[in-house]
Every structure is written in C-alpha cells, then in structure tokens.
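Per-entry structural report
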Amino acid sequence: MGFFADSNEVDTYIGGVFRAANDHPESGPKMRAAGINLRVLYTDPDTEMWVKMHEPAMDVHTGADDDKADITLMMRADTGDKFWRGDYNLAVGLAKGEVKAKGPVNKILKLVPLTKPLFPMYRELVAEKDASANA
C-alpha cells in the first residue's frame, strides 16, 4: 500500500498544500496569475484533483469538473507525495514517463519553482501521519 490510505487523504495533504499556496505571500499571487486549470489524475489511490489558478483565489477540489483542463498530469499519488516533500524532480519524471502530461508542459514547468517555498508547509501537513506510520 502507498502512503495515502484513500482519496480523502490525497485531498487532505496534497489538496491541502495547494489550498495553503493561495495564501503564501510569494507563491500565491504568481500561481493565481498563471490563470490555468490544472487537473491531476492520481492513482493508488485513484483521485481526480483540480487546481484552478485564477484571481481572486485558487479553487482546489477533488472529483469531476465541467471546466476544461489546460494541463492534465497523471501520476501515482506516492509520486505527488515525493514531489511535495522536495524529493522528486517533475521534469525528470516527465522525461522518464513516470509522470504523463496533456497540454502545454512548459506552463507547468514554469510553475514548479513556485512550489519550492511550499515544501516545508507540506512536510508540516504530513508530519503527524509520518509519525504514526513510523510508530
């Protein structure tokens, strides 16, 4: 079994860091200014996540959506966890085929540097889960 027990945990932790990004003084304004709809299809557990980066606030939710995605990423949820911990290079994952993408990949790669200041926030979010898993 992977790190996440179910799609609710994917939403709590990965969705949680995207929600927190909205209020981050450095990353939030730049992510909202990107004006893109990002759809991420995670497997193990299967989770469809939408991150709508638009002013005045980002909308992050799981489940189907009627909007059109500008970019769709497909990866294992554990890959998402490794990325948000700062242990996974998305560009390398795309090159190796571990992460698949539909849409203008250059747009998502421009956003990747904005996620770096969020890694400590993610590690804080998962700290309690990490502690219980290692107990």
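Residues numbered from 1 in each chain as written. Predicted model: local features only at pLDDT ≥ 70, side-chain atom pairs only at ≥ 80, totals over all residues. Heavy atoms only, no water.

Looking at an unreviewed UniProt entry, one finds the protein chain named SCP2 sterol-binding domain-containing protein and attributed to Pseudonocardia spirodelae.

**Examining the pattern of salt bridges**
Going through the model one piece at a time under the given rule, you end up with 10 salt bridges. Close ionic contact of arginine 39 with glutamate 48 constitutes a salt bridge, the shortest N to O distance being 3.0 Å. For aspartate 81, the salt bridge is made with arginine 85, and the minimal N-O distance between the two is 3.0 Å. Linking aspartate 81 with arginine 85, this pair stays in helix α3 (residues 77-85), spanning four residues, or about one helical turn. In terms of burial, aspartate 81 and arginine 85 fall into one category: buried. A network of salt bridges, in which partner residues are shared, links Asp44, Arg76 and Asp78. (Salt bridge = Lys/Arg side-chain N within 4 Å of Asp/Glu carboxyl O. Helix = DSSP H or I, 4+ residues; strand = E, 2+ residues; numbered from the N terminus. Buried < 20%, exposed > 50% of the residue type's maximum accessible area, 1.4 Å probe, protein only.)

**Quick word on empty space enclosed by the protein**
Summed over the entire model, instances satisfying the criterion amount to one cavity of 30 Å³ or more. Taken as a whole, the largest cavity spans an internal volume of roughly 170 Å³. As for the largest cavity, its lining consists of 15 residues, of which Phe18, Leu38, Leu73, Phe83 and Leu90 are closest to the centre. Contributing elements (two or more residues each) for the lining of the largest cavity: β1 (36-43), β4 (71-76), α3 and α5 (105-115). Top contributing element to the lining of the largest cavity by residue count: α5, with four residues. (1 Å grid on protein atoms, 1.4 Å probe; cavity = no way out; pocket = protein on both sides within 12 Å on 5 of 7 lines; lining within 4 Å. Points joined across faces, edges and corners; volume = space filled by probe spheres on them.)

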